[in-house]
Amino acid sequence: MTDNSAPKTAPMQGAGAYNRSSALQAANLSSALPLLESAARSVPIDGNAPLVLVDYGASQGLNSMQPMGAALDILRVRAGPQRPLEVVHTDLPANDFAALFKILADDKRSYLSGRRDVFPSAIGRSYFEPMLPPGRVVLGWSSNALHWLSRNPVHAPDHGWAVFSQDAAVRAAVDRQLDQDWRAFLQARASELCRGGQLVCQFMGRGPDHHGFEWMADAFWASLSSMGADGLLSDDELLRMTCPSAGRSVEQIEAPFNGGGYHGLRLNHVSVVEGPDPFWEAYRQSGDAGQLGRSWAKAMLAANGPNFTTALNPDRDVNVFLHTLGERLSARVAAGPRRSQTYLLLVVLEKLLETSI
Ligand SMILES: C[S@@+](CC[C@H](N)C(=O)[O-])C[C@H]1O[C@@H](n2cnc3c(N)ncnc32)[C@H](O)[C@@H]1O
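Report on the accompanying structure.

What counts and what doesn't
Residues numbered from 1 in each chain as written. Predicted model: local features only at pLDDT ≥ 70, side-chain atom pairs only at ≥ 80, totals over all residues. Helix = DSSP H or I, 4+ residues; strand = E, 2+ residues; numbered from the N terminus. Rg over C-alpha atoms; globule rule 2.2 N^0.38 Å. Buried ≥ 20, exposed ≤ 12 C-beta atoms within 10 Å, placed from the backbone. Contact = placed C-beta atoms within 7 Å. Pairing = 2+ DSSP bridges. Axes fitted to C-alpha atoms, helices over the stretch in contact; angles between N-to-C directions. Near = placed C-beta within 6 Å. Nonpolar A, V, L, I, M, F, W, Y, C, P; charged D, E, K, R; others polar. Expected span 1.5 Å × (residues − 1). Core = buried A, V, L, I, M, F, W, Y, C linked by C-beta atoms within 7 Å. Right-handed = clockwise from strand over helix to strand, strands pointing away.

### Structural notes on the overall build of the chain
On a plain count of helices and strands, the chain comes out with 12 helices and seven strands. Since a compact globule built from 357 residues should have a radius of gyration of about 21 Å, the 20 Å found for the chain is in line with a globular shape. Across the 357 residues of the chain, 46% fall into the buried class. Once local pairs closer than 6 in sequence are excluded, the contacts in the chain between residues at least 24 apart make up 86%.

Quick look at the structure:
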């Protein structure tokens, strides 16, 4: 069942589609903003060198504008008006970085607007390896990204997300990959952070009694399965349609730190909170179930579409597949409106002055 040749994780839907359909992720990240502001107030800023902030898994950048702006304002007050501030946005090589640079240049929500001596750049490289020279980063941020695995470790025969498979061996393969990826991410950041530097992360977690996200993941898989039943997808395509993402539990976050620290990193904070559902709040106001369905379909396809289309046979029309899937998912949600229940992890890491742990 484990497949070492499985495709690597794909980025979000391009041509700015993720920016247009990421209101859910924008709502998610707000719970981590106070932690980012607190970190910005306490990281070391000695010397005159530019202060480097890194945004890990930035995608097309719209959701980075508010957090980076908030952190920049705090660092500006602390470091003075002349100090250069750098913001490095990172994502996978195939990410739509053009959309990010366009927002930075043209959009009134850009953190460049009204701020001086701020220098943005981008790196197209996986964050499961180091991508900046040792000790360079003073403050890191990552929102809605770290539940993406480096690769899909297994093809789940019975679900689009292997973490929801009925097969314990399939779920165990996901947990092994989650652990391996978390350790790789930590090791890379331990190298890049300066002493006293901090990293604030928000991403999909697991709840105390259940994973969370079941309702939407089940609706998505039921929509795909119905396409299989109607002859629009082959059995092989359905088997390959396993999205490389899963939430982690608090225990899974803590595991590498059981000896106290990990490669000189300390876990300053970990908590799990219930995620918001802005689509449900809008539905409660409008009563428009059709709109609820369309909002979910757009959001799910913008974030997950490319990781499912990689499983299609080469002769399939990708746009027809996405359109049909979106219609079916939208109709399914509209037929049974619910509030989505998800869990978010909030994590703060600090590079210690001593690297003995
Ligand atoms: C849901 S988007 C989040 C974007 C944005 N930070 C936000 O909060 O809306 C997740 C991003 O993580 C990126 N990502 C996934 N795996 C990655 C990896 N190994 N290295 C760098 N970025 C990765 C994806 O390409 C995607 O752009």
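Let's pick the thread back up.
### Concerning the sheet that holds strand β6 (residues 265-274)
Taken together, seven strands build an open sheet; the order of strands is β3-β2-β1-β4-β5-β7-β6 and the sheet is mixed. Single-partner strands in this sheet number two, and they are β3 (118-124) and β6. Here the average twist between neighbouring strands, direction ignored, is 15°. Pairing of strand β2 (residues 85-91) with β3, which is carried by seven bridges, proceeds in the parallel orientation. Note that in β3 the partner of His 89 across the bridge is Ala 122. Set on the sheet, helix α6 (residues 168-192) makes contact with β4 (137-143), β5 (193-204), β6 and β7 (343-351); between it and β5 the angle comes to about 145°.

### Focus on the site of the ligand
Every one of the 23 residues lining the ligand counts as a neighbour, but Pro 11, Gly 57, Ser 59, Asn 63 and Ser 143 are closest to it. If you list the elements that add at least two residues to the shell around the ligand, you get α2 (23-29) and β2. Tallied by class, residues from the shell around the ligand come to 10 nonpolar, 12 polar and one charged.

### Considerations on the environment of Pro 256
Among the structural elements, Pro 256 can be located in the loop between α9 (250-254) and β6. A tally of 18 C-beta atoms within 10 Å means that Pro 256 is categorised as partly exposed. Residues Pro 256 and Leu 239, spaced 17 residues apart in sequence, show a C-alpha to C-alpha distance of 32 Å. Among all residues touching Pro 256, those that are not within four sequence positions of it are Trp 182, Arg 183, Leu 186 and Tyr 262.

### Considerations on helix α7 (residues 214-229)
Since the α-helix advances by 3.6 residues per turn, residues separated by three or four positions end up pointing in the same direction. Along its 16 residues, α7 runs 22 Å from first to last C-alpha, staying within 8% of the 22 Å computed at 1.5 Å per residue. Every buried residue of α7 is accounted for by Met 216, Ala 217, Ala 219, Phe 220, Trp 221, Ser 223 and Leu 224. Contact partners of the buried residues in α7: α8 (235-240), α11 (289-309) and α12 (318-335). Positive phi shows up at Gly 231, right after α7, with a value of about 75°.

### Thoughts on the nonpolar core
One finds Ala 71, Trp 296 and Met 300 to be the most contacted residues of the largest nonpolar core, which totals 95 residues. At nine residues, the largest contribution of residues to this core is made by α11.

### So, the pairing of β5
In terms of residue burial, β5 counts as a mostly covered element, since nine of its 12 residues are buried. Across six bridges, β4 lies against β5 in parallel orientation. Residue pairing across strands places Trp 141 opposite Val 200, the latter belonging to β5. The β-α-β motif built from β4, the intervening α6 and the parallel element β5 has right-handed crossover chirality. For β5 and β7, the ladder comprises seven bridges, and the chain directions are antiparallel. Within the sheet, the bridge partner assigned to Phe 203 lies in β7 and is Leu 345.

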